[in-house]
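# Structural overview for review
So you can see what is in the structure, the chains are spelled out below.
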Amino acid sequence: MRKQWFLFSLGLLVMISVAWYLSRQAGGLAGAWLFGIIFGFTLQRSRFCMASMLRDYFLFGFKQPARALFLLMLVTTIGFTIVRVWRQATGHTIVGYWEPWGWGTVIGGLLFGLGMVLAGGCASGMLMRMGEGYAMQWLAFIAFLLGTGLAVWLFPWWQQALRAPVDLATRFPLWGLATTQIAVLTLIWYKLRGE
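What counts and what doesn't
- Residues numbered from 1 in each chain as written.
- Predicted model: local features only at pLDDT ≥ 70, side-chain atom pairs only at ≥ 80, totals over all residues.
- Heavy atoms only, no water.
- Helix = DSSP H or I, 4+ residues; strand = E, 2+ residues; numbered from the N terminus.
- Contact = heavy atoms within 4.5 Å.
- Areas by Shrake-Rupley, 256 points an atom, 1.4 Å probe, with all protein chains shown as cover.
- Expected span 1.5 Å × (residues − 1).
- Buried < 20%, exposed > 50% of the residue type's maximum accessible area, 1.4 Å probe, protein only.
- Core = buried A, V, L, I, M, F, W, Y, C linked by side-chain atoms within 4.5 Å.
- Patch = residues over 30% accessible without salt bridge, like charges linked within 9 Å, V, L, I, M, F, W, Y side chains within 5 Å.
- Salt bridge = Lys/Arg side-chain N within 4 Å of Asp/Glu carboxyl O.
- Axes fitted to C-alpha atoms, helices over the stretch in contact; angles between N-to-C directions.
- Parallel < 35°, antiparallel > 145°, perpendicular 65-115°, else oblique.
- Left-handed = near helix turned anticlockwise from the far one by under 90°.
- Polar contact = N/O pair within 3.5 Å; in protein donor to acceptor, adjacent residues only side chain to side chain.
- Phe/Tyr/Trp six-rings, centres within 6.5 Å; stacked < 30°, edge-to-face > 60°.
- Lys NZ or Arg CZ within 6 Å of the ring centre and 35° of its normal.

Now for the overall build of the chain. Within the chain, the secondary structure is distributed over 9 helices and 0 strands. Listing each helix as α and each strand as β along the chain from the N terminus yields α-α-α-α-α-α-α-α-α. Of the contacts made within the chain by residues no fewer than 6 positions apart, 57% connect residues no fewer than 24 positions apart. As displayed, the chain offers around 14,600 Å² of accessible surface, 74% of which is attributable to carbon and sulfur atoms.

Take a look at the structure:
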């Protein structure tokens, strides 16, 4: 117990010292540092990982995490739709950026999903487990960096080779897209009830 308190006190001292140093350099850095620490602590204590939420449903039949993920997507869909409709109605510029999807999106999603299953978690889960000291996650992080670098380097080729993008936002009205997504997410969330 003494060792745990010593390590906790040492970590707290390092955290406060770094925040003080960053506040002397630039005030915003200290806030970003403290936010990162709090966010990381919350992530670690909640064991939040989007990949494991779906993986555990298909492998072990755990419905509750998957249900929470679909509820999260449902609430954010409703929230973003309300903000977008309000901004359009008041004449504000829509802030945001999205790319049309095409074959590159499908192939990239499959590769990313395969990588998440092999690594044992998504990017946030990988970073959390790195902080916990899992050696395999450090290897996964190196592979993550190499894969991201390769994707950025190949991006112009990707765009040319895998054309035929589809931009649903310009082809269908917002109310139709939002209603469809909300209905599908609600149905999935409802079907996942019970344990």
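Okay, helix 4 (residues 63-89) next. Side chains that are three or four residues apart share a direction in an α-helix, a result of its 3.6 residues per turn. End to end, helix 4 covers 39 Å across 27 residues, agreeing with the expected 39 Å (1.5 Å per residue, within 8%). Taken residue by residue, helix 4 has Ala 66, Arg 67, Leu 69, Phe 70, Leu 74, Thr 77 and Thr 81 as its buried positions. Residues of helix 4 that are buried make contact with helix 3 (50-60) and helix 9 (174-191).

With that settled, consider helix 6 (residues 123-132). Taken together, the buried positions of helix 6 are occupied by Gly 125, Met 126, Met 128, Arg 129 and Met 130. Just downstream of helix 6 lies Gly 133, where phi reads positive at about 100°.

If you look at the biggest cluster of nonpolar residues, it comprises 5 residues: Ala 66, Phe 70, Leu 74, Leu 185 and Leu 192. Contact partners of Ala 66, with chain neighbours within four places excluded, come to Met 53, Leu 54, Tyr 57 and Leu 192.

A cluster of nonpolar residues, Phe 6, Leu 7, Leu 10, Leu 13 and Val 14, forms a patch on the protein surface that exposes about 500 Å² of accessible area. Positionally, Leu 10 belongs in helix 1 (residues 2-25).

Another point: the packing of helix 3 against helix 4. Interhelical geometry of helix 3 versus helix 4 gives an angle of 130° and a closest axis separation of 7 Å. Taken as axis vectors, helix 3 and helix 4 run oblique relative to one another. As for the relative orientation of helix 3 and helix 4, their crossing is left-handed in sense. Residue-level contacts link Met 50, Met 53, Leu 54 and Tyr 57 of helix 3 to Lys 63, Pro 65, Ala 66, Leu 69, Phe 70 and Leu 72 of helix 4.

Turning to the side chain of Arg 67, a few remarks are in order. Structurally, Arg 67 can be placed in helix 4. For Arg 67, a relative accessible area of 16% translates into the label buried. In this structure Arg 67 touches Trp 189, Leu 192 and Arg 193, once residues within four positions along its chain are discounted.

Structurally, the position occupied by Thr 77 is in helix 4. Note on Thr 77: relative accessible area 10%, which makes it buried. At 2.9 Å, the side chain of Thr 77 and the side chain of Gln 181 are in polar contact. Not counting residues up to four positions away in its chain, the partners in contact with Thr 77 are Gln 181, Ile 182 and Leu 185.

What the rule picks out here adds up to 2 aromatic pairs. Judged by centre distance (5.9 Å) and plane angle (20°), the rings of Phe 35 and Phe 39 are stacked. With a gap of 4 residues between them, Phe 35 and Phe 39 both fall in helix 2 (residues 27-46), about one helical turn apart. Relative to Phe 62, the ring of Phe 60 lies with its centre 5.8 Å away and its plane at 35°, an arrangement referred to as tilted. Using a relative accessible area of 54% as the deciding quantity, one classes Phe 60 as exposed. Residue classification places Phe 62 among the partly exposed residues on the basis of a relative accessible area of 40%. Sitting over the face of the ring of Trp 189, Arg 67 holds its NZ or CZ atom 4.0 Å from the ring centroid.

Interpretation note: all reported values are geometric properties and have no functional meaning in isolation.
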